[in-house]
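# Chain and residue survey
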Amino acid sequence: MSSTTAVPWKSALMWAMAIIVAIAVAGWFAVSCSPGGSSAERPVSEEEAALLAGMRERNHGSEPVAVRISVPTGGETVTADGFVDWQTPMLYARVPDAEGGHRLIQAVPGLIATRADDEAAFSELRVPEDGWTTRQMLAGAGTPLETTIDILASSLFTLSSAEADDPAELAAQATWREEGVIDGEPVDSFRAPIMVETDESAPQQGAKPEALYSLDADGNLRRFQVNTGEESLSAVDFLRDVEFDASGLAAADLLGGPAVTPAPVDEELAATIAEVRKGNWEDTAEVELTVPTGDGEVTTGRGSIDWRTMTAYLHLSDASGQRLLLARPGGYATAAAEGDELPESPPAEGWEAHALADEDAADHFGAVESLVFRLLEMAAEEAEDADAIAEQAFLLRVDDVDGEAVHVVEFPVAGDAEAAGGRSAFRYHLEGERLREVEMMSFYGVASAELSDEDFPMVEIPWELAEKIG
């Protein structure tokens with residue numbers, strides 16, 4: 001069941017389509033009526049259309065850029081500084097909050113992560129490792145400012161494309177508005193549709209939203225303005241003359257961590273992957289879970305995985321309290337926890353059991369259970385076919401953890417849906433021949449199970465539970 005309940009890693013295109021619908025609902029009135037709006041609009045020339053057509057491709061190949069965000073809300077303009085990484089794509093910013101302070105945010109297509117302010121970390125362009133929670137963009141927004149930030153941040157992800165746009169299409173749809181100067185650079189401003197690939201789910205042509213693009217003589221985007229439903233436009237200024245070290249600019253773990261570049265695995269790594277599950281067959285490990293389970297909600301857990309008996313035994317904590325979880329291939333059971341520690345032996349009573357064969361099993365099976373059952377699946381009596389692994393697995397990136405190389409890979413386990421590189425629902429961190437972490441894309445972000453070598457005695461499960469969960 002764990003192979004079918006996780007949500008695949010989100011597509012920037014899919015989210016861009018959802019966002020242009022949201023912008024279309026806001027309408028174009030704010031641009032048309034904005035102060036300083038030009039009354040001398042004209043069609044763009046062939047040269048201008050070509051400049052616009054190449055803008056997103058230029059961004060796609062560019063280094064991360066510093067940005068200044070200005071959003072109208074409640075009759076005021078809120079200003080925030082940030083950075084955009086076009087490759088991920090990802091926005092990292094420090095934004096004012098309702099209490100007069102600031103918060104850190106990170107946004108990727110469809111999701112936004114927030115945490116308490118850390119001005120020192122932000123000034124060093126460093127992403128704090130902990131303290132983050134995630135939520136769905138738009139649907140999870142709790143204030144008008146959050147909604148505005150969501151729309152503007154998401155619309156930024158439409159500004160990058162691996163290929164240039166069609167100059168002829170832009171020549172027919174775009175208009176020149178006015179000349180100006182931004183950060184000392186002369187610019188031309190154009191009114192043009194949100195430039196993103198379309199499909200059947202896109203708004204009809206008449207409803208397709210527009211934005212203002214201000215480009216310098218080299219075709220670099222200097223300002224992007226869009227209507228987010230307020231009386232004036234939200235804007236992002238691209239501070240292309242600001243130099244900074246972008247080496248620390250990476251997404252938080254709940255958003256997937258550093259960027260990946262999927263590549264085929266070599267013979268040596270394929271042979272290692274083929275042995276991973278067999279290497280766990282007679283083993284046990286300590287497990288630490290972090291699972292985003294709702295807007296601003298994270299479930300954490302600690303316990304053991306025993307592949308000898310195919311048993312997971314965990315203590316879980318979330319906003320609703322603490323509970324124990326027992327899982328075996330046939331099902332799982334939960335019970336209220338007394339205290340913060342995992343009892344050495346499971347209590348004899350108080351369990352609510354769910355067999356996977358039950359008709360209502362899917363009603364109780366969530367992200368935590370999906371990840372735990374994937375852990376149970378990470379053991380097999382026989383090694384896998386290294387040649388088949390070489391054809392199907394991907395190396396996503398190599399991390400340096402305390403001086404050790406950790407390979408982040410994707411490979412199929414029986415029952416997994418076929419997926420392109422970087423799009424599988426599960427990722428695996430391998431340190432040498434050992435499995436150190438399993439990541440899973442859930443609806444609210446990236447869940448993680450970290451594994452460390454530890455010898456555990458076999459868990460004695462009450463016989464009534466054993467009969468129910470296998």
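Cut-offs and rules
Residues numbered from 1 in each chain as written. Predicted model: local features only at pLDDT ≥ 70, side-chain atom pairs only at ≥ 80, totals over all residues. Heavy atoms only, no water. pLDDT = per-residue confidence, 0-100. Contact = heavy atoms within 4.5 Å. Buried < 20%, exposed > 50% of the residue type's maximum accessible area, 1.4 Å probe, protein only. Helix = DSSP H or I, 4+ residues; strand = E, 2+ residues; numbered from the N terminus. Pairing = 2+ DSSP bridges. Axes fitted to C-alpha atoms, helices over the stretch in contact; angles between N-to-C directions. Core = buried A, V, L, I, M, F, W, Y, C linked by side-chain atoms within 4.5 Å. Bend = angle between axes of the 7 residues up to and from the residue. Polar contact = N/O pair within 3.5 Å; in protein donor to acceptor, adjacent residues only side chain to side chain. Phe/Tyr/Trp six-rings, centres within 6.5 Å; stacked < 30°, edge-to-face > 60°. Patch = residues over 30% accessible without salt bridge, like charges linked within 9 Å, V, L, I, M, F, W, Y side chains within 5 Å. Areas by Shrake-Rupley, 256 points an atom, 1.4 Å probe, with all protein chains shown as cover. Salt bridge = Lys/Arg side-chain N within 4 Å of Asp/Glu carboxyl O. Lys, Arg positive; Asp, Glu negative; His and termini not counted. Charge placed at Lys NZ, Arg CZ, Asp CG, Glu CD.

The next point concerns the confidence of the model for the protein. For the protein, per-residue confidence averages 88 on the pLDDT scale, and 89% of positions sit at 70 or higher. Contacts from residues 12-17, a stretch scored under 50 in pLDDT, to residues over four places away or in other chains number 17 contacts. When the criterion is pLDDT under 50, residues 24-38 qualifies, and its contacts beyond four places in sequence or with other chains add up to 27 contacts.

Extensive coverage of strand β22 (residues 426-431) is indicated by the burial of five of its six residues. Where β22 lies against strand β23 (residues 434-442), six bridges are found, and the strand directions are antiparallel. Across the sheet, the residue bridging to H429 is E437, located in β23. Joining the antiparallel neighbours β22 and β23 is a turn of two residues, in which G432 adopts a positive phi near 65 degrees.

This part takes up the sheet that holds strand β1 (residues 42-43). Read from one edge to the other, the open sheet built from twelve strands follows the order β1-β8-β9-β10-β11-β12-β2-β3-β4-β5-β6-β7, with strand pairing classed as antiparallel. Each edge of the open sheet carries a strand with a single partner, namely β1 and β7 (133-136). Here strand β2 (residues 65-73) runs beside strand β3 (residues 76-85); their pairing, made up of nine bridges, is antiparallel. Note that in β3 the partner of V67 across the bridge is G82. Against the sheet, helix α4 (residues 46-53) touches β1, β8 (175-182), β9 (185-193) and β10 (210-215), its axis set at about 100 degrees to β10. Along the sheet, helix α7 (residues 144-156) makes contact with β2, β3, β4 (90-96), β5 (102-108), β6 (111-116), β7, β11 (221-226) and β12 (234-239), crossing β2 at roughly 140 degrees.

This next bit is on the nonpolar core. Core analysis: the largest hydrophobic core is formed by 44 residues, its most contacted members being I273, L289, I305, F411 and Y428. Elements supplying a minimum of two residues to this core: α9 (267-280), β14 (284-294), β16 (311-318), β17 (321-328), α11 (367-376), β22, β23 and β24 (445-453). With six residues, α11 is the single largest residue contributor to this core. Excluding its chain neighbours within four sequence positions, the residues that come into contact with Y428 are R374, M378, H407, V408, V409, F411, V413, L435, E437 and V438. Listed in part, the 41 residues of the second largest apolar core include L52, F157, L159 and W176.

Of all the bends in α9, the largest measures some 25 degrees and sits at A274. Listed in full, the buried residues belonging to α9 are L269, A270, T272, I273, A274, V276, R277 and N280. Residues of α9 that are buried sit in contact with α12 (386-392), β20 (394-401), β21 (404-410), β22 and β23. Two to three positions downstream of the cap, the backbone nitrogen of E268 sits 3.3 Å from a side-chain oxygen, assigning the N-cap of α9 to D266.

What follows covers the environment of F443. With respect to the helices, strands and loops of the structure, F443 is situated in the loop between β23 and β24. Note on F443: relative accessible area 43%, which makes it partly exposed. In this structure the C-alpha to C-alpha distance between F443 and Q136, which are 307 residues apart in sequence, comes to 8.1 Å.

A few words now on the sheet that holds β16. Reading across from one edge, β13-β20-β21-β22-β23-β24-β14-β15-β16-β17-β18-β19 is the order of the twelve strands in this open sheet, with antiparallel pairing throughout. On the outer flanks of this sheet lie β13 (263-264) and β19 (352-355), each paired with one strand and no other. Contacts from α9 reach β20, β21, β22 and β23 within the one sheet, and its direction differs from that of β23 by about 90 degrees. This element, α11, spans β14, β15 (297-306), β16, β17, β18 (331-336), β22, β23 and β24 of the sheet and lies at about 155 degrees to β14.

Quick look at the packing of aromatic side chains now. If you walk through the whole model with that rule in mind, you get ten aromatic pairs. Taken together, a centroid distance of 5.5 Å and an interplanar angle of 50 degrees make the contact between Y213 and F224 tilted. Of this pair, Y213 sits in strand β10 while F224 sits in strand β11; the two residues are eleven residues apart in sequence, bridging distant segments of the chain. Accessibility expressed as a relative area gives 0% for F224, which makes it buried. Ring pairing ties together the aromatic residues F83, Y92, F122 and F244, which thus form one cluster.

Let us now look at a negative patch on the surface. Side chains of D266, E267, E268, D385, D387 and E391 sit close together on the surface and give a patch of like negative charge. Mapped by element, the contributors of at least two residues to the negative patch are α9 and α12. Mapped onto the elements, D387 comes out in helix α12. Judged by relative accessible area, D387 falls into the exposed class, the value being 59%.

With that out of the way, let us pick up the pattern of salt bridges. Counted under the stated rule, the structure contains 29 salt bridges. For E286, the salt bridge is made with R302, and the minimal N-O distance between the two is 2.8 Å. Residue E286 is located in strand β14, and its partner R302 is located in strand β15; the two are separated by 16 residues in the primary sequence. Judged by relative accessible area, which is 44%, R302 ranks as partly exposed. The structure contains a network of salt bridges with shared partners spanning D283, E431, R434, R436 and D453.

Before going further, it helps to spend a moment on the pairing of β21. Pairing between β20 and β21: seven bridges, direction antiparallel. Looking across to β21, one finds that D399 is bridged to V406. The turn linking β20 back onto β21 is made up of two residues, and D402 within it adopts a positive phi angle of 55 degrees.

Right, let's get into the side chain of T284. Locating T284 in the fold gives a position in strand β14. Within the structure, the side chain of T284 is placed 2.5 Å from the backbone oxygen of E454, a separation counted as a polar contact. Engagement of the side chain of T284 in a polar contact is seen with the backbone nitrogen of F456, the distance being 3.3 Å.

Once that is clear, we can look at α11. Burial runs high along α11: nine of the ten residues are buried. Taken as a whole, α11 has its buried residues at V368, E369, S370, L371, V372, F373, R374, L375 and L376.

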